[in-house]
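Examining the three-dimensional arrangement
Below are the chains, spelled out letter by letter.
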Amino acid sequence: MKTFHKLLANSIIANITNLTVWYAMVFFVYLETRSVIATSITSGLYFVVSSLSGFWFGSLLDRHPKKGVMLASGLASLVLYIVGFALYLMAPADAFRDAGSLVLWVFVPLLLLGVVAGNTRYIALPAIITVLMPADRRDRANGLSGTATGLAALIVSAISGLLVGLAGMYWVFILVIVLTVITSAHLYTLSIPEPEAAPTDDPAPRLDIRGTMMHIMAVPGLIALILFTTLNNFLGGVFAGLLDAYGLSLVSVEAWGVLWMILSSGFIIGGLAIARWGLGPNPLRALFLANITGWTISSLFMIRPSILLLASGMLLYMCIAPFIEAAEQTIIQRVVPPERQGRVFGFAQSVETAATPVTTFAIGPIAELVFIPFMTTGAGVDLIGGWFGVGPDRGIALLFTLTGIIGLIVTLIAMRTKYYRLLSERYQEG
């Protein structure tokens, strides 16, 4: 438990570092270009790289000491942040204001690679929890992990908007370079127990996609769970691509950053609730109930152009989000052998994340070319504008509302399929 708490503290600082780059970069791109398309492409690139790297990271974590892999990822992030800082300092003052600027689209992928390199922790931590914690305590440990993510997001939300508003990306780079050095040095001092190495006759020394798929397919309903999360992420790409643009249409970047600080406390509340009471005897049921609540909120929290309504809905959504993640992790930790969990977690991340950029890339042009005109000068003004409101922000809001309704329908249908009943039974069998 002592080792877990130290690792959790280290992960909080590491998450603060990477999330600061991510949040600040999205804010920076939108404020410099004022382009919804540029913002959605920036978000989409992140999810593409995350999807492509997840399974590979999982394979590395199964085949090599997890501490060594995390240290290597920290070093990679540090190098990329330093190179990105140098480019930022040398670029002309107006290089980032044109959405088609070559400098901008070298700068953005460079920083994204640094952020994604830190994603090894998201795969390593649940696999380490399996080794450190008994089966009946893992859901609570996963809840603490969600709390750590929420605490990091809270701090990042408070500082990223303020840093960007103060001096662009300058102080962002100073902060993240220092924090990356600190977390890497602290991680080096930790002694992390490792599960036994995979047998030497394991069929493939690296990715082993075929072997991992065999393990996943051997668990009834597990592939259905991954596909369900994938579909949710496909719909969630709408939020990844447009939420910041919508929020920044209502308040300043400084206020939006402070608001996210407050909203991120929802992750902490939800994570602490799981750490205290767990997920119950059937984590899959908890996952579905959380999804039903989340999509219901998503269909209502932009029904009016109000920052208070948006904030209230987002806070409730943040409270239930840790239940979704913790439930999936707890199920995998119980039904998948420890020596395969890195690859299964990595595979799940790759497949689930792959859906988001498809939506994120498409949603910017769809919003800008279809929904915004529809609610600004099109038929939507006469059709629903009288009660829904008109203008570019209401076009984005309409897109969010429809997405929430679709997500709720999909969840209700998925609950009634046989695959999730089979997975629940397998979890109970252990």
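Brief notes about the side chain of Ser 77
On the secondary structure map, Ser 77 appears in helix α3 (residues 66-90). The exposure class of Ser 77 is buried, given its relative accessible area of 3%. Ignoring anything within four residues of it in the chain, the contact list for Ser 77 reads Asn 18, Gly 114, Ala 117 and Gly 118.

Structural notes on α3
The end-to-end C-alpha distance of α3 is 37 Å, a good match for the 36 Å that 25 residues give at a rise of 1.5 Å each. Of all the residues in α3, the buried ones are Lys 66, Val 69, Met 70, Ser 73, Gly 74, Ser 77, Leu 78, Leu 80, Tyr 81, Gly 84, Phe 85 and Tyr 88.

Quick word on the packing of helix α1 (residues 2-33) against α3
Between α1 and α3, the shortest axis-to-axis distance is 13 Å and the interhelical angle comes to 30°. Regarding the angle of α1 to α3, the classification is roughly parallel. Considering only the axes of α1 and α3, their crossing is left-handed. The residues of α3 that touch α1, namely those facing Leu 7, Thr 17, Asn 18, Val 21 and Phe 28, are Met 70, Ser 77, Tyr 81 and Tyr 88.

Here we look at the environment of Leu 259
Within the secondary structure layout, Leu 259 lies in helix α10 (residues 253-263). When near neighbours in sequence (up to four residues on either side) are disregarded, Leu 259 contacts Ile 307 and Ala 311.

Topic: the pattern of salt bridges
Per the counting criterion, the structure on display carries 3 salt bridges. Of the charged contacts, one joins Glu 32 and Arg 97 as a salt bridge, the two residues approaching to 3.8 Å between their closest N and O atoms. Of this pair, Glu 32 sits in helix α1 while Arg 97 sits in the loop between α3 and α4 (102-117), and the two are 65 residues apart along the sequence. Take Arg 97: its relative accessible area is 53%, and that puts it in the exposed class. Its salt-bridge partner being Arg 421, residue Glu 425 comes within 3.3 Å of it at the nearest N-O pair. Here the residue Glu 425 and the residue Arg 421 both occupy positions in helix α18 (residues 418-429), the gap between them amounting to 4 residues, near one helical turn.

Some thoughts on the packing of aromatic side chains
When we look at a pair of aromatic rings, we describe it by the centre distance and by the angle of the planes. Applying the stated criterion across every chain, the model contains 18 aromatic pairs. Relative to Phe 96, the ring of Phe 28 has its centre 5.5 Å away and its plane inclined at 70°; by these criteria the two rings are edge-to-face. Taken together, the positions of Phe 28 in helix α1 and Phe 96 in the loop between α3 and α4 put the pair 68 residues apart, joining distant regions of the chain. Phe 96 carries the same exposure label as Phe 28, and that label is buried. With 6.3 Å between their ring centres and 75° between their planes, Tyr 246 and Phe 400 make a pair best called edge-to-face.

Observations regarding empty space enclosed by the protein
According to the stated counting rule, one finds 3 cavities of 30 Å³ or more in the structure shown. Computed from the structure, the second largest cavity encloses a volume of approximately 130 Å³. Forming the boundary of the second largest cavity are 15 residues, of which Ala 14, Asn 18, Gly 74, Arg 121 and Thr 183 lie nearest the centre. Of all the elements in the fold, those that place two or more residues in the lining of the second largest cavity are α1, α3 and α7 (170-189).

What counts and how
Residues numbered from 1 in each chain as written. Predicted model: local features only at pLDDT ≥ 70, side-chain atom pairs only at ≥ 80, totals over all residues. Heavy atoms only, no water. Helix = DSSP H or I, 4+ residues; strand = E, 2+ residues; numbered from the N terminus. Buried < 20%, exposed > 50% of the residue type's maximum accessible area, 1.4 Å probe, protein only. Contact = heavy atoms within 4.5 Å. Expected span 1.5 Å × (residues − 1). Axes fitted to C-alpha atoms, helices over the stretch in contact; angles between N-to-C directions. Parallel < 35°, antiparallel > 145°, perpendicular 65-115°, else oblique. Left-handed = near helix turned anticlockwise from the far one by under 90°. Salt bridge = Lys/Arg side-chain N within 4 Å of Asp/Glu carboxyl O. Phe/Tyr/Trp six-rings, centres within 6.5 Å; stacked < 30°, edge-to-face > 60°. 1 Å grid on protein atoms, 1.4 Å probe; cavity = no way out; pocket = protein on both sides within 12 Å on 5 of 7 lines; lining within 4 Å. Points joined across faces, edges and corners; volume = space filled by probe spheres on them.

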